[in-house]
Amino acid sequence: MYKKIAIFASGNGSNFEAIAQACANGRLNAEVVLLICDNPNALVIKRAEKFNIPVFKFEPKTYANKAEYETEIVQILKKQTIDLICLAGYMRLVSEVLLNEYEGKIINIHPSLLPTFKGLNAIEQAYHSGVKITGVTTHFVDKTIDGGKIIDQVSVAIDNCELQELEEKIHAVEHELYIQTIKKLL
Ligand code: GAR
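All values reported here derive from a predicted model rather than from experimental measurement. (Residues numbered from 1 in each chain as written. Predicted model: local features only at pLDDT ≥ 70, side-chain atom pairs only at ≥ 80, totals over all residues. Heavy atoms only, no water.)

## Observations regarding the packing of aromatic side chains
Going by this rule: Any two rings among Phe, Tyr and Trp, with Trp reduced to its six-membered ring, count as a pair given centres within 6.5 Å; such a pair is stacked if its planes are under 30 degrees apart, edge-to-face if over 60, and tilted if neither. When a residue's accessible area, from a 1.4 Å probe over protein chains only, is under 20% of the maximum for its type it is buried; when over 50% it is exposed; and in between it is partly exposed.
In the structure shown here, the tally under the stated rule is five aromatic pairs. Aromatic pair Phe58 and Tyr63: ring centres 6.3 Å apart, planes at 80°, arrangement edge-to-face. Each of the two residues, Phe58 as well as Tyr63, counts as buried.

## Points about the sheet that holds strand β5 (residues 106-110)
Formally: For two strands to count as paired, DSSP must find a minimum of two bridges between them. Strands here mean DSSP runs of E at least two residues long; helices mean DSSP runs of H or I at least four residues long; both are numbered from the N terminus. Inter-axis angles, ranging from 0 to 180 degrees, are taken between N-to-C directions of lines fitted to C-alpha atoms, where helices are fitted over the stretch in contact. Only heavy atoms matter for contacts: two residues are in contact if any of them lie within 4.5 Å across the pair.
Strand order in the open sheet formed by seven strands is β3-β2-β1-β4-β5-β6-β7, and the pairing between neighbours is mixed. Two strands bound the open sheet, and with one partner strand each, they are β3 (55-57) and β7 (150-157). On average, each strand axis in the sheet is inclined to that of its neighbour by 20°, with strand direction left out of account. Contacting β1 (3-9), β2 (30-37), β3 and β4 (84-87), helix α3 (residues 66-77) crosses the sheet at an angle of about 155° to β2. Seen against the sheet, helix α6 (residues 163-185) touches β1, β4, β5, β6 (133-140) and β7 and runs at an angle of roughly 155° to β7.

Coordinates in, geometry out; function isn't part of it.
Following this line, the structure appears as structure tokens:
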């Protein structure tokens, strides 16, 4: 039976597309049934439309607080049996409202070898720090920024490459690693 995945994203959506594509071509025995997006202008929404994936868009500032919008998201998610929630460039902390409902079923991808270089602009942080090796991590989500138990990691050599080249290498690794992690968990 097809497993059901919901993806949360805020921006570009290349990881969203990699997962949707892997479902569409049968590499993952799963279906992306919903995109949750906190930025109505994000490119990821256009990508979802291309795959005919329903989108729930919301603007956090129109809610009293995080608990209020997460409660609404839980109500929407609970209309179906969601097997896995994948954060893919979702630039917000998740609270107990979602975590309690989907314990152990929310994962994230982050472009560094966690626990180093958490937070925003992780690729740039690593690049400017002088380390020779960085990478990509998939992990279970908890209440902290890029925290939670690590699932998989792949290292990427920085060598003498330009920042843009490193970003491209990391994104290519992300798109492959996220599929492998999802496959393993499903
Ligand atoms: C990805 O590099 C992802 O690892 C990162 O945001 C980017 C989203 O790109 N996530 C984080 O930094 C989480 N802390 P995408 O929108 O093209 O998938």
